[in-house]
Amino acid sequence: MTTQNAVSEVDIRERIDILLDAIRTGDRAAVRTIFAPNIVSFDIQPPLRHLGAETKWENWELVFEAFELPLEYEVRDLTVLVDGDLAVVYSLNRMNAVMKLGGKIDYWLRWTAAWQKIDGQWLIVHDQVSVPTNFQDGSAAMDLMP
């Protein structure tokens, strides 16, 4: 890895820490600093594809409205691969939270994000959040743990 790529990896990890803190606390302003204007997101909720930062922010707004804050949000096995002005990040993420309307969730998600350095700042240009599917009955496998 080149020195510049190593520096970029540190920068991206710092940006991920900002995002994680924002998710946990519901910091909408901080969430807005992470995503590129033209992000394409394959988020966990419908539709199949979400276009643009405004849509991504709205998805996070739905999360912050649905759950009691702070959220418990854990990242495991975070990998950051950098090559120049592009990077790929992937991890297993756990969300454990109390719903405002009652009930609780506790499950693991898979996260992959493509980052690009735009005007000197690392931003997410694409992300995908998913859960495995049980092919036998078509249900989401929400009980898996790493």
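The preceding data block contains the structure.
All values derive from a computational prediction rather than experimental measurement.

**Side note on the overall build of the protein chain**
- Helix and strand counts for the protein chain come out as three helices and six strands.
- Counted from the first residue to the last, the protein chain has its helices and strands arranged as α-α-β-β-α-β-β-β-β.
- Relative to the globule expectation of 15 Å for 146 residues, the C-alpha radius of gyration of the protein chain, 16 Å, shows essentially globular dimensions.
- Taken along its principal axes, the extent of the C-alpha atoms in the protein chain is 45 × 35 × 25 Å.
- Every one of the 146 residues in the protein chain was classed for burial, and the buried ones make up 38%.
- Considering only intrachain contacts with a sequence separation of at least 6, the fraction spanning at least 24 residues in the protein chain is 48%.
- Element-wise, carbon and sulfur atoms account for 56% of the exposed surface of the protein chain, whose accessible area totals about 8,300 Å².
- Placing the 13 positive and 22 negative side-chain charges of the protein chain at their respective mean positions leaves the two points 2 Å apart.

**Points about the nonpolar core**
- Within the largest apolar cluster, 35 residues are counted, with the highest numbers of intra-cluster contacts made by Ile-12, Phe-35, Leu-71, Met-95, Trp-111, Trp-115 and Ile-124.
- Sorting the residues of this core by element identifies α1 (3-25), α2 (28-31), β1 (35-42), α3 (53-66), β3 (72-83), β4 (86-98), β5 (104-118) and β6 (121-130) as the ones contributing at least two each.
- Those residues in contact with Ile-12 that sit more than four places away from it in its chain are Val-80, Val-82, Ala-87, Val-89, Trp-115 and Trp-122.

**Considering α3**
- Spanning 14 residues, α3 covers 20 Å between terminal C-alpha atoms, matching the ideal 20 Å at 1.5 Å per step.
- Among the residues of α3, those classed as buried are Ala-53, Lys-56, Trp-57, Asn-59, Trp-60, Val-63 and Phe-64. Considered in projection along α3, the buried side chains sweep an arc of 155° and stay on one side of the axis.
- Looking at the buried residues of α3, the elements they touch are α1, α2, β1, β2 (50-51), β4 and β6.

**Some thoughts on the sheet that holds β6**
- Here six strands make up an open sheet; going across it, the order is β2-β1-β6-β5-β4-β3 and the pairing mixed. Two strands bound the open sheet, and with one partner strand each, they are β2 and β3.
- The pairing of β4 with β5 spans 13 bridges and is antiparallel. Looking at the pairing, Leu-86 lines up with Gln-116 of β5.
- With respect to the sheet, α1 is in contact with β1, β3, β4, β5 and β6, its orientation differing from that of β3 by roughly 160°.
- Those strands touched by α3 are β1, β2, β4 and β6, and its axis lies near 65° from that of β1.

**Quick notes on the environment of Asn-38**
- Mapped onto the fold, Asn-38 is located in strand β1.
- For Asn-38, a relative accessible area of 70% gives the class exposed.
- Residues Asn-38 and Ala-53, 15 residues apart in the sequence, show an inter-C-alpha distance of 6.2 Å.
- The residues contacting Asn-38, other than those within four sequence positions of it, are Gly-52 and Val-125.

How each quantity is defined
- Residues numbered from 1 in each chain as written.
- Predicted model: local features only at pLDDT ≥ 70, side-chain atom pairs only at ≥ 80, totals over all residues.
- Heavy atoms only, no water.
- Helix = DSSP H or I, 4+ residues; strand = E, 2+ residues; numbered from the N terminus.
- Rg over C-alpha atoms; globule rule 2.2 N^0.38 Å.
- Buried < 20%, exposed > 50% of the residue type's maximum accessible area, 1.4 Å probe, protein only.
- Contact = heavy atoms within 4.5 Å.
- Areas by Shrake-Rupley, 256 points an atom, 1.4 Å probe, with all protein chains shown as cover.
- Lys, Arg positive; Asp, Glu negative; His and termini not counted.
- Charge placed at Lys NZ, Arg CZ, Asp CG, Glu CD.
- Core = buried A, V, L, I, M, F, W, Y, C linked by side-chain atoms within 4.5 Å.
- Expected span 1.5 Å × (residues − 1).
- Arc of directions from axis to C-beta.
- Pairing = 2+ DSSP bridges.
- Axes fitted to C-alpha atoms, helices over the stretch in contact; angles between N-to-C directions.

The analysis is restricted to geometry; functional conclusions fall outside its scope.
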